[in-house]
Amino acid sequence: MAKRSPESVSARIDELKQLIDHHRRRYHQLDDPEISDAEFDDLVREMSSLAASLPDDQAAPLVEGVGSQPSPLFAPVLHHTAMLSLDNVFDDDELAAWGRRVERLVEGATDALVCELKIDGIAVSLRYVGGRLAQAATRGDGRVGEDVTRNIRTVGAIPERLAGRQVPELVELRGELYMPVAAFEQLNQRASDAGQRTFANPRNAAGGSLRQKDPSITASRELAFWCHQLSSLGEAPLPPTHSEGLALMGDLGLPVNPEIERAVGLDRAAEYCHRWQRDRHSIPYDVDGAVIKVDRLSDRAELGATSHAPRWAIAHKFPPEERTTRLERIMVSIGKSGKATPFAVLDPVSVGGSTVGLATLHNESQVKSKDVRPGDMVVVRKAGDVIPEVVGPVLSARQPGLPEWQFPTACPACGGELVRVDGEADTFCTNVHCPAQRLQRIVHYASRAAMDIEGLGESRVAQLVDAGLVSDAGDLYRLQFEHLLPLDGFGRVSAANLVSAIDRSRQRPLHNVLFALAIPHLGATGSRLLATELGSLDRIAAADVATLAAVGGIGPKIAESVVRFFSFPSNAELLEKLRVAGVATQSEQPPPVEKTLGGMSVVVTGTLGSYSRDEAEEAIKARGGRSPGSVSARTTVVVAGESPGVSKLSRADELGVPVVDEEGFRHLLETGSLPERAHQEKPG
């Protein structure tokens, strides 16, 4: 690539400055960003890289200040101590480079670090005078913020009066206002039901909720707050370390995040970043990174700050889970029960660690409430293993006259009628012989949660259907080695493996067979209940609505769906094929076990080698215990497998609840007692 001239570099820097200022205003002031955080970071990094290539005498300040100009809707507040931003790093090498810079300036500074989650919310400064909340302000441009005191008073997590016997006359602190994920989803659902525009993410929802002229609107939103910096005690000196400042805020009754940890050395800090990058979805709020801070305030004073960020702190950003890209078109897929689901075909974009070209749009109502249209620039989100989804359009980038997308009236696979039942969100293809439904029913039958036929994914099923070898799940058991060899992609080993996997599925228990049939509204739990109560596939198929609805956990809606399913002749034919194939149609009652866990509450977290999550819970309940999903003061023990939930382990540690591994779990099931090494004294 040809080397760029200093003039062209300077011109690009000027262009980037304007872009960055524009996007900062949309993000900080309007709560309506046009690009994702990651794409904004890319702009800043490009500008920094270009500036570094200029000769010293041509270099100019890159970005003055932080945040954005405060909104004229609120009175201005001059911050006593500037609210700076943070510099970012994106991998271990960059984190190590930051550590080396710190050590060059202050030797030993990285020996005492504090690691915090980077909450994806709104930066707020709180000022208490005489123990009472006197003022709350947004960051604004870092020097002047917006007075949001009336609105902040409505946030239940923020105390109006500080606690403790010796409350300083003046306390000034910084923190992050955020909206929990569950509250965000409920807010968007209410907006969608009312035909109103939804928020793109919890951060935008928190910002929009805070910047309301009417405090009652803020009060109606479920907002929360974490303190992360004690900035002033007036005339009194601050504690000598940041960690002591956090402890003091906690003693004063202020909310301090429980996931904050002290670290000796940068390696431990990097471990913290890695752990939370993996477990970021185990907590009920959004985080987009971790913040590493020098603990000793004397070291911080020596390190100082640039015009926009302290040198004593760094944000380690996690891989982005949101990106913007072009929505090329909207299509509709047909599922195993005939449900028609719209999905977006995207200009492929890297998000959440993988390339995304397709994303769900859920249903017709979601498309309308989000108002996404083919040709739009859209925000795409992929969180962990969750299916990518389109969050919403970038309205400021929409081309004039772009038409709304209309949900089709005919099935794209068979041409049958698509029907949406009044009062329901989903639309269905009414043709039970629809080839798309047939394909997806077989795919579901082979899935891990159903018959667990390894190697039989959607592309393989489609290949078998197209070859005329399979028309329903019962036909799988007629497949032979010789049938598969002529097909593309099959060799002797792969053909033998698939035949063996199909053969093994005959041994799957009745509740798996029932779930594998893809009966609308009947999930894995309901299938287990019916199999246990009625004991055979014949009895379930012959039962009436009243008999099925009388089973605990099976209501009239599921019962009617089961009866309707077995009334179709094609499904009766499928059952006969399964019987002839030797698939389990009778429920094998497990041998009775001793009630070793009577009265105990056992929480399971992480992955166990010998038990699926359902099997572990079933083993607990069979022995008289309970298996709730969260840790409380009533929890007897926590069973931690591989990659356990950090929040559950932290809660167990806080309450003094014993934690055992898988070996300890087996001991507990057999004896009803904990292994000696697991005993801890619970408080109170």
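Everything discussed here concerns the structure shown above.
Given the structure is predicted, the values throughout are model-derived calculations rather than measurements.

Visitor: Please provide a residue-by-residue account of the overall build of the protein, values included.
Guide: Scanning the protein from terminus to terminus reveals 24 helices and 21 strands. C-alpha atoms of the protein, sized along the principal axes, occupy 85 × 65 × 55 Å. Across the 684 residues in the protein, those meeting the buried criterion constitute 50%. Partitioning the intrachain contacts of the protein with sequence separation of at least 6 by distance along the chain shows that 67% fall at a separation of at least 24. A total accessible area of about 33,100 Å² is found for the protein, and carbon and sulfur atoms account for 50% of it. The positive charge centre, built from 75 side chains, and the negative charge centre, built from 93, are 2 Å apart in the protein.

Visitor: I'd like a rundown of the pairing of strand β13 (residues 339-351), residues and numbers included.
Guide: When strand β12 (residues 322-334) meets β13, the two strands line up antiparallel, connected through seven bridges. Bridge pairing in β13 links Arg 329 to Val 345. Taken together, β12 and the strand that follows it, β13, pair antiparallel across an intervening segment of four residues, in which Gly 338 is found at a positive phi of about 95 degrees. In this sheet, strand β18 (residues 427-429) lies alongside β13 in antiparallel orientation, the contact comprising two bridges. Looking at β18, one finds that Ala 340 is bridged to Thr 427. Pairing of β13 with strand β14 (residues 354-360), which is carried by six bridges, proceeds in the antiparallel orientation. What sits directly across from Val 351, in β14, is Ser 354.

Visitor: Outline the pattern of salt bridges, supporting the account with residue identities and numerical values.
Guide: A full pass over the atoms with the stated rule returns 28 salt bridges. For the salt bridge of Asp 475 with Arg 478, the shortest nitrogen-to-oxygen distance reads 3.6 Å. Residue classification places Asp 475 among the buried positions, given a relative accessible area of 7%. The class of Arg 478 is exposed, set by a relative accessible area of 53%. Residues joined by salt bridges that share partners form a network here, namely Asp 371, Arg 373, Asp 376, Arg 398 and Glu 404.

Visitor: Residue-level account of the sheet that holds strand β2 (residues 88-89), with values.
Guide: If you walk across this open sheet you meet the five strands as β2-β11-β10-β3-β9, and the pairing is mixed. If you trace the sheet from one side to the other, it starts and ends with β2 and β9 (261-263), each paired once. Strand direction decides the pairing type here: strand β10 (residues 287-294) and strand β11 (residues 313-317), joined by five bridges, are antiparallel. Paired with Lys 293 across the bridge in β11 is Ala 313. Sheet strands touched by helix α3 (residues 92-105): β2, β3 (113-119), β10 and β11. Its angle to β11, the strand with the most contacts, is close to 175 degrees. Packed onto the sheet, helix α9 (residues 266-279) meets β3, β9, β10 and β11 and runs at close to 20 degrees relative to β3.

Visitor: Can you explain empty space enclosed by the protein? Please cite residues and give values.
Guide: Where empty space is left becomes clear once a probe the size of a water molecule has been rolled over the atoms. Within this structure, the stated rule accounts for two cavities of 30 Å³ or more. Within this model, the largest cavity holds a volume of roughly 70 Å³. As for the largest cavity, its lining consists of Val 77, Leu 78, His 79, His 80, Ser 125, Leu 126, Arg 127, Gln 135, Ala 137 and Glu 172. Looking at the lining of the largest cavity, the elements with two or more residues in it are β1 (76-78), β4 (122-129) and β5 (132-138). Ranked by residue count, the leading element in the lining of the largest cavity is β4, at three residues. Residues belonging to the lining of the largest cavity are distributed by class as follows: four nonpolar, four polar and two charged.

Scoring rules and cut-offs
- Residues numbered from 1 in each chain as written.
- Predicted model: local features only at pLDDT ≥ 70, side-chain atom pairs only at ≥ 80, totals over all residues.
- Heavy atoms only, no water.
- Helix = DSSP H or I, 4+ residues; strand = E, 2+ residues; numbered from the N terminus.
- Buried < 20%, exposed > 50% of the residue type's maximum accessible area, 1.4 Å probe, protein only.
- Contact = heavy atoms within 4.5 Å.
- Areas by Shrake-Rupley, 256 points an atom, 1.4 Å probe, with all protein chains shown as cover.
- Lys, Arg positive; Asp, Glu negative; His and termini not counted.
- Charge placed at Lys NZ, Arg CZ, Asp CG, Glu CD.
- Pairing = 2+ DSSP bridges.
- Salt bridge = Lys/Arg side-chain N within 4 Å of Asp/Glu carboxyl O.
- Axes fitted to C-alpha atoms, helices over the stretch in contact; angles between N-to-C directions.
- 1 Å grid on protein atoms, 1.4 Å probe; cavity = no way out; pocket = protein on both sides within 12 Å on 5 of 7 lines; lining within 4 Å.
- Points joined across faces, edges and corners; volume = space filled by probe spheres on them.
- Nonpolar A, V, L, I, M, F, W, Y, C, P; charged D, E, K, R; others polar.

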